[in-house]
Amino acid sequence: GAVVSQHPSRVICKSGTSVKIECRSLDFQATTMFWYRQFPKQSLMLMATSNEGSKATYEQGVEKDKFLINHASLTLSTLTVTSAHPEDSSFYICSAPWGGHEQYFGPGTRLTVT
Amino acid sequence: TQLLEQSPQFLSIQEGENLTVYCNSSSVFSSLQWYRQEPGEGPVLLVTVVTGGEVKKLKRLTFQFGDARKDSSLHITAAQPGDTGLYLCAGHGGSQGNLIFGKGTKLSVKP
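Presented here is a report on the structure given in the accompanying data block. Please read all numbers here as calculations on a predicted model, not as lab measurements.

Brief notes about the state of the cysteines
Throughout this description, disulfide means a covalent bond between two cysteine sulfur atoms.
So, step 1. Taken as a whole and assessed by the stated rule, the structure comprises two disulfides over all chains.
So, step 2. The disulfide partner of A:Cys23 is A:Cys94, and the gap between their sulfur atoms is 2.0 Å. Linking A:Cys23 and A:Cys94, the disulfide has an S-S dihedral of approximately 85° and is accordingly described as right-handed. Here A:Cys23 is found in strand β3 (residues 19–25), whereas its partner A:Cys94 is found in strand β9 (residues 90–98), with 71 residues between them in sequence.
So, step 3. Residue A:Cys23 is classed as buried on the basis of its relative accessible area of 0%.
So, step 4. Here B:Cys23 connects covalently by a disulfide to B:Cys89, the sulfurs 1.9 Å from one another. Looking down the S-S bond of the B:Cys23 and B:Cys89 bridge, the torsion is 70°, so its handedness is right-handed. You can see B:Cys23 sitting in strand β3 (residues 19–24) and its partner B:Cys89 sitting in strand β9 (residues 85–92), a full 66 residues away along the chain. Each member of the pair B:Cys23 and B:Cys89 is classed as buried.
So, step 5. A:Cys13 carries a free sulfur, and the closest cysteine sulfur to it, the one in A:Cys94, is 18 Å from it.

Put into structure tokens, the structure is as follows:
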């Protein structure tokens, strides 16, 4: 299978600061990557679709100015949480499609905003 | 809007028991994936089913895709503590090519 990495795995930041999370496809190219958010004991919620060379597509209710997405290359997408607040604390996971129907997920980033 | 109803949401069983997790929808999916997720980690792909009526086996896990491609099941035989985790079904069919997830089944297997 394909491998997707995320960095950092954990981050703690102060309220009002910005945090950047990287998602990389290590052994394949991905023109599209997906960003999810997961609350404790719940399933994954799609936040946005990251598209290489064009603007990201955000799901309803997700603030595009708060969650900035940049698909810098065919192997890298970044999610920047701007002016973070405690309610932004969550588990953020990215995925990339590979092989037709399948998607491979990164290990996730635990964000804690104090 | 395509939805996937997954049941049960929670399951606590003893080692050696069998169990089945269900994933149902009123919509047709071109494929369904099953993932297993452990706390603090990303979901790991277990299997993809594509053809209606398809049955796939992965050691003690048996996956089935309904004939109409609207539902799927995961059956675990002789569950072990190592099977503990969150099991997620996901259908390929979102408007962006994204997966649509069920709410997950949190399985706990006690020794």
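Considerations on the environment of B:Pro43
So, step 1. With respect to the element layout, B:Pro43 can be found in the loop between β4 (32–37) and β5 (44–49).
So, step 2. Take B:Pro43: its relative accessible area is 4%, and that puts it in the buried class.
So, step 3. Placed 41 residues apart in sequence, B:Pro43 and B:Gln2 show a C-alpha to C-alpha distance of 21 Å.
So, step 4. The residues touching B:Pro43, leaving out its near neighbours within four places in the chain, are A:Leu44, A:Ile93, A:Phe105, B:Tyr35, B:Arg36, B:Gln37 and B:Leu88.

Quick notes on the interface of chain A and chain B
A common way to express how large an interface is: the accessible area buried when the components associate.
So, step 1. At the junction of the two partners, chain A supplies 20 residues and chain B supplies 22 residues.
So, step 2. Both sides together, the interface formed by chain A and chain B hides about 1,600 Å², and carbon and sulfur atoms give 60% of it.
So, step 3. Per-residue buried area on chain A facing chain B is highest for A:Ser43, A:His101 and A:Phe105; these three make up 33% of the total on that side.
So, step 4. At the boundary of chain A with chain B, the tally comes to zero salt bridges.
So, step 5. On inspection of chain A and its partner chain B, the count reaches five residue pairs in polar contact (both at pLDDT 80 or more).
So, step 6. Elements with a minimum of two residues in the side of chain A that touches chain B: β4 (32–38), β5 (44–51), β9 and β10 (102–105) of chain A.
So, step 7. In terms of residue count, the dominant contributor to the side of chain A that touches chain B is β10(A) (four residues).
So, step 8. Here the side of chain A that touches chain B is composed, by residue class, of nine nonpolar, nine polar and two charged.

Considering the packing of aromatic side chains
So, step 1. Going through the model one piece at a time under the given rule, you end up with nine aromatic pairs over all chains.
So, step 2. Here A:Tyr36 and A:Phe105 contribute two aromatic rings whose centre-to-centre distance is 5.6 Å and whose plane-to-plane angle is 45°, an arrangement assigned as tilted. Note that A:Tyr36 is positioned in strand β4 and A:Phe105 in strand β10, a separation of 69 residues in sequence.
So, step 3. Judged by its relative accessible area of 0%, A:Tyr36 falls in the buried class.
So, step 4. On the basis of relative accessible area, A:Phe105 is assigned to the buried category, the value being 9%.
So, step 5. Here the aromatic rings of A:Tyr36 and B:Phe101 are separated by 5.6 Å at their centres, their planes lie at 90°, and the arrangement is edge-to-face.

A few points about the pattern of salt bridges
So, step 1. Counted under the stated rule, the structure contains five salt bridges over all chains.
So, step 2. In this structure, A:Arg24 and A:Glu22 form a salt bridge, with 3.5 Å as the shortest nitrogen-oxygen distance.
So, step 3. Judged by relative accessible area, which is 33%, A:Arg24 ranks as partly exposed.
So, step 4. Note that B:Glu38 is salt-bridged to B:Arg36, the shortest N-O span being 3.4 Å.

Criteria and thresholds
Residues numbered from 1 in each chain as written. Chains lettered and ligands numbered in written order. Predicted model: local features only at pLDDT ≥ 70, side-chain atom pairs only at ≥ 80, totals over all residues. Heavy atoms only, no water. Disulfide = S-S within 2.5 Å. Helix = DSSP H or I, 4+ residues; strand = E, 2+ residues; numbered from the N terminus. Buried < 20%, exposed > 50% of the residue type's maximum accessible area, 1.4 Å probe, protein only. Contact = heavy atoms within 4.5 Å. Buried area = accessible area lost by both parts, 1.4 Å probe. Salt bridge = Lys/Arg side-chain N within 4 Å of Asp/Glu carboxyl O. Polar contact = N/O pair within 3.5 Å; in protein donor to acceptor, adjacent residues only side chain to side chain. Nonpolar A, V, L, I, M, F, W, Y, C, P; charged D, E, K, R; others polar. Phe/Tyr/Trp six-rings, centres within 6.5 Å; stacked < 30°, edge-to-face > 60°.

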